[in-house]
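Residue-level structural notes
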Amino acid sequence: GPLPVAGPSQWANDWHAIRCEPTPHLHEGLDIFAPHGTPVVAVADGRLSQRTVGEVSGLSVELIDDKGIQYFYAHLSAFADGIRPGIRISQGRVLGYVGATGNARGGTAHLHFEVQPGGVPLPPKPYVDRWLSIAEQRAHRLADRVRAERPAPAQLIPSEAGMPAPEAPGRPLSWAQSFNSRPED
């Protein structure tokens, strides 16, 4: 799937880190830090099972994919338009926006992201890291394809391009000039 945050973001493995609020517990998610308001997207096709405002989670949504895996997104700053329980969601659809609601209020904007196959939380970092690897591979393939399809740069002779010829043949140019490669009408 795509990364759950559609923009520049960073994360570290904070699975089972000790959290003190609202009571001492082990962290069962991955905090993905990004600028406030960065879009948060569906990592899979599925159905939106929850849209809640909680004391701990703040604004949050839960997506259940077609294999029964639950994805929980918390601390959103806002829900995207049209997001409500029961609707079908396509992978990549904006669900909301990174924020600091619930017990993250007053802290750094981030998405708390959980992966729960069969309702049992698993460390989400391996999923997110794999999605990042896939996105990087796709970007490299796209860049390679664009480079392969792009015509080679034209080899212009300065005098044909409307530029003055160098003063002495074989001597490197020590100046630069901006020019329009299209002949004037």
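Rules of the game
- Residues numbered from 1 in each chain as written.
- Predicted model: local features only at pLDDT ≥ 70, side-chain atom pairs only at ≥ 80, totals over all residues.
- Heavy atoms only, no water.
- Buried < 20%, exposed > 50% of the residue type's maximum accessible area, 1.4 Å probe, protein only.
- Helix = DSSP H or I, 4+ residues; strand = E, 2+ residues; numbered from the N terminus.
- Pairing = 2+ DSSP bridges.
- Core = buried A, V, L, I, M, F, W, Y, C linked by side-chain atoms within 4.5 Å.
- Contact = heavy atoms within 4.5 Å.
- pLDDT = per-residue confidence, 0-100.
- Expected span 1.5 Å × (residues − 1).

1. Here's the deal with the pairing of strand E12 (residues 110-117)
Most of E12 is tucked away: seven of the eight residues are buried. Of the strand pairs in this sheet, strand E4 (residues 30-33) and E12 are connected by four bridges, and their pairing is antiparallel. Directly across from phenylalanine 33, in E12, lies its bridge partner histidine 110. Summarising the sheet, strand E8 (residues 69-76) and E12 pair through six bridges and their orientation is antiparallel. In the sheet register, isoleucine 69 faces E12, and the bridge partner there is proline 117.

2. Observations concerning the nonpolar core
If you look at the biggest cluster of nonpolar residues, it comprises 31 residues, and the most contacted ones within it are Tyr71, Tyr73 and Phe113. If you list the elements that add at least two residues to this core, you get E4, strand E7 (58-65), E8, E12 and helix H1 (125-149). No other element matches the four residues that E8 contributes to this core. Once you skip the residues sitting within four places of it in the chain, tyrosine 71 turns out to touch Val43, Ala44, Val61, Glu62, Leu63, Asp65, Phe113, Glu114, Val115 and Trp131.

3. Section: the pairing of E4
In the sheet, strand E1 (residues 10-11) pairs with E4 via two bridges, with the strands oriented antiparallel. Across the sheet, tryptophan 11 pairs through a bridge with isoleucine 32, a residue of E4.

4. Looking at the confidence of the model for the chain
Per-residue confidence for the chain gives a mean pLDDT of 85, with 82% of residues at or over 70. Here residues 168-185 is a poorly scored stretch, pLDDT under 50, and it has eight contacts once near neighbours within four places are set aside; other chains count.

5. Section: the sheet that holds strand E6 (residues 46-54)
Here we have seven strands laid out as an open sheet, ordered E1-E4-E12-E8-E7-E6-E10, and antiparallel in their pairing. For this open sheet the edge positions go to E1 and strand E10 (88-89), each flanked by a neighbour on one side alone.

6. As for H1
Compared with an ideal rise of 1.5 Å per residue, which puts 25 residues at 36 Å, H1 spans 36 Å between its outermost C-alpha atoms and is within 8% of the ideal. Taken together, the buried positions of H1 are Tyr127, Val128 and Trp131. Buried positions along H1 lie against E1, E4, E8 and E12.

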